[in-house]
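# Coordinate analysis (summary)
This is what each chain is made of:
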Amino acid sequence: MTQVRVRYAPSPTGYPHIGNIRTALFNWLFARHSSESIMTKGSFILRIEDTDMTRKVEGAVDTILESLRWLGLDWDEGPEVGGDFGPYFQSQRLNLYQSAAKQMIEQGYAYPCYCSPERLDELRTRQMQRKQPTGYDRHCRDLTLSERSHFEEQGIIPVVRFKIPPGKTTFRDLIRGNVTFSNNTLDDFIILKSDGFPTYHLANVVDDHLMQISHVLRADEWLSSTPRHILMYQSLGYEPPLFAHLTMIMGPDHTKLSKRYGATSLIEYRQQGYLPEAIINFLALLGWSLDDKTTIISREDLIKHFSLERLSKTAAVFDIKKLNWMNGVYIRQLSSEEFTQRALPFLENGLPHEMEHPLYHNASTGMDYVSQIAPLIQERVRYLAEVPELSRFFFTEILEYDTTLLLQKGMDKERATSALQTAHERLSILSSFDASSLEELLRPLAVELNLKTGELFGLLRVATTGQTAAPPLFQTMAVLGKEQCLKRIALALEKLLTATS
RNA sequence: GCCUCCAUCGUCUAGUGGCCGAGGACAUCGGCCUUUCACGCCGAAAACAGGGAUUCGAAUUCCCUUGGAGGCACCA
C-alpha cells in the first residue's frame, strides 16, 4: 500500500489568506483522494512552523486551526489531534534541528559563521551597488580552529551556514518537470540562527524527512529554494520527497497577495457571509480544473477527481466577482430553513442599533417573522452580510426616503396622492392580507385608477419599503402585515402633502 | 542586477499536431421573462504576446525576442 503523506505547514506570523488556504486545500484534496483507492492511504498533516520568535503573532495558531475547521479541512496529525510523529510545533523540536546542524558541521557540510549583521548588511549593499548578485561571501567558510575559538572567546555566538558544493542541482517538479540550478548561484545560507532556532530551510527538511512526508505541495515562491533543500537532503543522507510547486494566487494588481493588496484573512470571508462550500469550490478551480465546463463542483467530486496532473502552471488572479456569483449559487441551493439559520446571525449583528432586532422582544414570533422574510431575499443575496441591508425595511418603524421616489416617472403629486388614498381605503377593508388576495385587489385597482400596473405597484413599493428595488410587492406586503402597510401608506401620504406644498 | 518559472478572451480556464474559422464560466453589453430588484433563459462582443524553425498540417513541438511573476534576510 502506498502511503501519501502531505502536510500544510503554516507559520503563525499572520492569519491565513486565500492563497495559504488554497495550498492547504490542495494538500488535503490530494490526501483524501489518495484514500479513495484501496491501494493507497493518504494522510494530511498540520505542522506549525513557529521558528521566528520575532514575528510571532498572538492568536495566529488559533486562527489557522479555525480557518481549516471552518472549511472542513480536517487533519490526521497535528495540533490537538497529535500523531506518531509529533510534536507538531517546530518550536518544540529544536533539539532535532540542532543535532542535524551539528551532524552537518561534523561531516563538513556546514560551518559556523561569526559575521556580524552589520558586516552582512554592508556586504549586501556593496554587491547591490556594483550590480552583483547578492549573497554571502563565504568569509567564515574556511576558518581554522584557532580562529574559531578566538571568536568564541570574544563571546560571539555563531550562526550555522550550509556549505554549497560546486556543481549543479536538478530536481523534478511534478508540475513543471526538471528544474536545474547552478550551485554557484546559491549562497551559503543560514540553517541555524544564533538564537539556536533553525531557519525554515533546516526545519522544513528535517521535519519533512522525520514525518515521512511523501509529497511537498507548496507555493511557487519556494521553487527557488528547492535546490538548497535538495542539497540538504543529500548531505543528511535523506531521500527527498516529491515536489509540486503550486502557482500563486495574485491580487488584482497581478502580484503576490500582500497585506497591502488582497491578502484578506479567510476569517473575514466568513464574517462577510461566504459559505465554506463556495470557498472550497472557488479555490479548487483557481489553479485546478476538472474539464472544459465544470464550474460548480461538490467537495465529494473534488475529492473523487482531484489530481496533480490537472494543476495549472500559470498564476491565477483572484476575482472577487466570480466568488460573489458562486457564493450566490450556493446560497440559492440552501433550503429555506437552512438559509434562515445561516442568515440569522448576520441579521442580528448587521441591523443598525435603533432598529427592532428580530429576536429581541419575542424569540418565537421574531423567528417566525424572520423565516417569512428569508425566502424573499434568498435569491437576491450574494453573501450573507448583504442580508441586513436587503431586509432592513422589515425591521424599522420609520422609513427614511426621498419623497420624490414616490412619484413614478410622469406621475404628478395629485395622481400619486389619490392613488395612495384609494389604495389605503381598499386595503383597510381587505379581510385576508395574503399575497394572492393583495394581487386580486391591486391589479384591478390599477385599471380603475387608470394607472399602469407598474406605476401603482412602484408607488406602493416605495410607500411600504422606502425603496424602488425590493422583493416582490405582494409577498412583501403580506409579510409586513396589514397594520404596518396601512401605517406606511398613511405616512407616505403625509410626506406627499407636506413636501412640495 | 542575478537565478528560476510562466505566457489562450478583462478574469478563471478547456485544449497534449488535424475534431479549433479555439469550448465553458465570471464580468460586460443586448433581448426575453417580469410590478421593481434579483433569479432564470436567449444572444453579442471578447483571446492563442511577437518572430523564426520542424511538419502535408501547429494554440499544441523546438529556438529567439518580448512581457509577467517569484526568489536572491540570523522571514517563512
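Bear in mind that the values here come from a model prediction, so they are computed numbers and not experimental data. (Residues numbered from 1 in each chain as written. Chains lettered and ligands numbered in written order. Predicted model: local features only at pLDDT ≥ 70, side-chain atom pairs only at ≥ 80, totals over all residues. Heavy atoms only, no water.)

Attention shifts here to the overall build of chain A. Across its full length, chain A holds 19 helices and eleven strands. A globule of 501 residues ought to have a C-alpha radius of gyration of about 23 Å, yet chain A, at 32 Å, is considerably larger. Each principal axis of the C-alpha distribution contributes one length, and for chain A these read about 105 × 55 × 40 Å. Across the 501 residues that make up chain A, the buried fraction comes to 49%. (Helix = DSSP H or I, 4+ residues; strand = E, 2+ residues; numbered from the N terminus. Rg over C-alpha atoms; globule rule 2.2 N^0.38 Å. Buried < 20%, exposed > 50% of the residue type's maximum accessible area, 1.4 Å probe, protein only.)

The sheet built from three strands is open, its strands ordered 3-4-7 with antiparallel pairing. The sheet is open, and its two borders are formed by strand 3 (110–113) and strand 7 (190–192), each paired with just one other strand. Between one strand axis and the next, the sheet turns through 45° on average, direction left out of account. Note: strand 3 against strand 4 (residues 159–162), four bridges, orientation antiparallel. Residue pairing for strand 4: Cys-113 is matched across the bridge by Val-159. (Pairing = 2+ DSSP bridges. Axes fitted to C-alpha atoms, helices over the stretch in contact; angles between N-to-C directions.)

Attention shifts here to the protein's contact with RNA strand B. Taken together, 65 residues surround RNA strand B, and among them Lys-193, Lys-256, Glu-379, Arg-380 and Arg-461 come closest. Among atoms of RNA strand B positioned within 4 Å of the protein, sugar and phosphate together represent 73%. In this structure, a sugar or linking oxygen belonging to RNA strand B sits 2.9 Å away from a main-chain N or O atom of Leu-285. Here a phosphate oxygen of RNA strand B and a backbone polar atom of Val-317 are 2.9 Å apart. (Near = heavy atom within 4 Å. Polar contact = N/O pair within 3.5 Å; in protein donor to acceptor, adjacent residues only side chain to side chain.)

Before going further, it helps to spend a moment on unusual backbone geometry. Cis geometry is adopted by the peptide bond preceding Pro-87, which originates at Gly-86 and carries an omega value of 0°. Residue position: Pro-87 is located in the loop between helix 2 (60–71) and helix 3 (94–106). Despite not being glycine, Lys-131 shows a phi value in the positive range, around 55°. Along the chain, Lys-131 falls in the loop between helix 4 (117–129) and helix 5 (145–153). You will see that Arg-138, though not glycine, has its phi angle at about 65°, which is positive. Examined against the element boundaries, Arg-138 turns out to sit in the loop between helix 4 and helix 5.

Within the largest apolar cluster, 105 residues are counted, with the highest numbers of intra-cluster contacts made by Leu-68, Ile-279, Phe-339, Leu-420 and Leu-427. With nine residues, helix 1 (residues 18–36) is the largest single contributor of residues to this core. Membership of the second largest hydrophobic core comes to 34 residues, among which are Leu-186, Met-211, Ile-230 and Phe-243. (Core = buried A, V, L, I, M, F, W, Y, C linked by side-chain atoms within 4.5 Å.)

This paragraph deals with the side chain of Arg-228. Here Arg-228 shows up in helix 7 (residues 226–236). With near-sequence residues (within four places) excluded, Arg-228 lies in contact with Leu-186, Asp-187, Phe-189 and His-201. (Contact = heavy atoms within 4.5 Å.)

This next bit is on the pattern of salt bridges. This model, assessed by the stated rule, comprises 26 salt bridges. A salt bridge links Asp-74 to Arg-32, with the nearest nitrogen and oxygen atoms 3.5 Å apart. Taken as a pair, Asp-74 in the loop between helix 2 and helix 3 and Arg-32 in helix 1 lie far apart in primary sequence, 42 residues in all. By relative accessible area, Asp-74 is classed as partly exposed at 40%. (Salt bridge = Lys/Arg side-chain N within 4 Å of Asp/Glu carboxyl O.)

On to the pairing of strand 6 (residues 177–182), then. Inspection of the sheet shows strand 5 (residues 168–173) paired to strand 6 by six bridges, in the antiparallel sense. By the bridge assignment for strand 6, Phe-171 is matched with Val-179. Counted between consecutive antiparallel strands, the loop separating strand 5 from strand 6 contains three residues.

Helix 17 (residues 453–465) packs onto helix 16 (residues 435–448) with a crossing angle of 120° between their chain directions and a minimal axis gap of 8 Å. Accordingly, the angle class assigned to the pair helix 16 and helix 17 is oblique. Considering how the two elements wind past one another, helix 16 and helix 17 form a crossing that is right-handed. Contacts from Leu-442, Arg-443, Leu-445 and Ala-446 of helix 16 reach helix 17 at Thr-453, Leu-456, Phe-457 and Leu-460. Looking at the contact of helix 16 with helix 17 residue by residue, the classes come out as six nonpolar, one polar and one charged. (Parallel < 35°, antiparallel > 145°, perpendicular 65-115°, else oblique. Left-handed = near helix turned anticlockwise from the far one by under 90°. Nonpolar A, V, L, I, M, F, W, Y, C, P; charged D, E, K, R; others polar.)

By the criterion of burial, strand 8 (residues 215–219) is predominantly enclosed, with five of the five residues buried. Of the strand pairs in this sheet, strand 8 and strand 9 (residues 242–246) are connected by five bridges, and their pairing is parallel. Across the sheet, the residue bridging to Ala-219 is Leu-246, located in strand 9. Regarding topology, helix 7 serves as the crossover connection from strand 8 to the parallel strand 9, and that connection is right-handed. (Right-handed = clockwise from strand over helix to strand, strands pointing away.)

Right, let's talk about helix 1 for a bit. In a regular helix each residue adds 1.5 Å, so 19 residues correspond to 27 Å; helix 1 covers 26 Å between its end C-alpha atoms and thus fits that length. Burial analysis of helix 1 places 15 of its 19 residues in the buried class, which makes it a mostly covered element. (Expected span 1.5 Å × (residues − 1).)

Before going further, it helps to spend a moment on the environment of His-201. The residue His-201 is located in helix 6 (residues 200–210) in this model. Overall, His-201 belongs to the buried group, its relative accessible area being 16%. Here His-201 is in contact with Phe-189, Ile-190, Ser-225, Arg-228, His-229 and Met-232, once residues within four sequence places are set aside. At 2.7 Å, the side chain of His-201 forms a polar contact with the side chain of His-229.

Overall, the coordinates contain zero disulfides when judged by the stated rule. Free cysteine Cys-140: the closest other cysteine sulfur is in Cys-115, separated by 3.6 Å. Residue classification places Cys-140 among the buried positions, given a relative accessible area of 1%. (Disulfide = S-S within 2.5 Å.)

Honestly, it's all geometry; don't read function into it.
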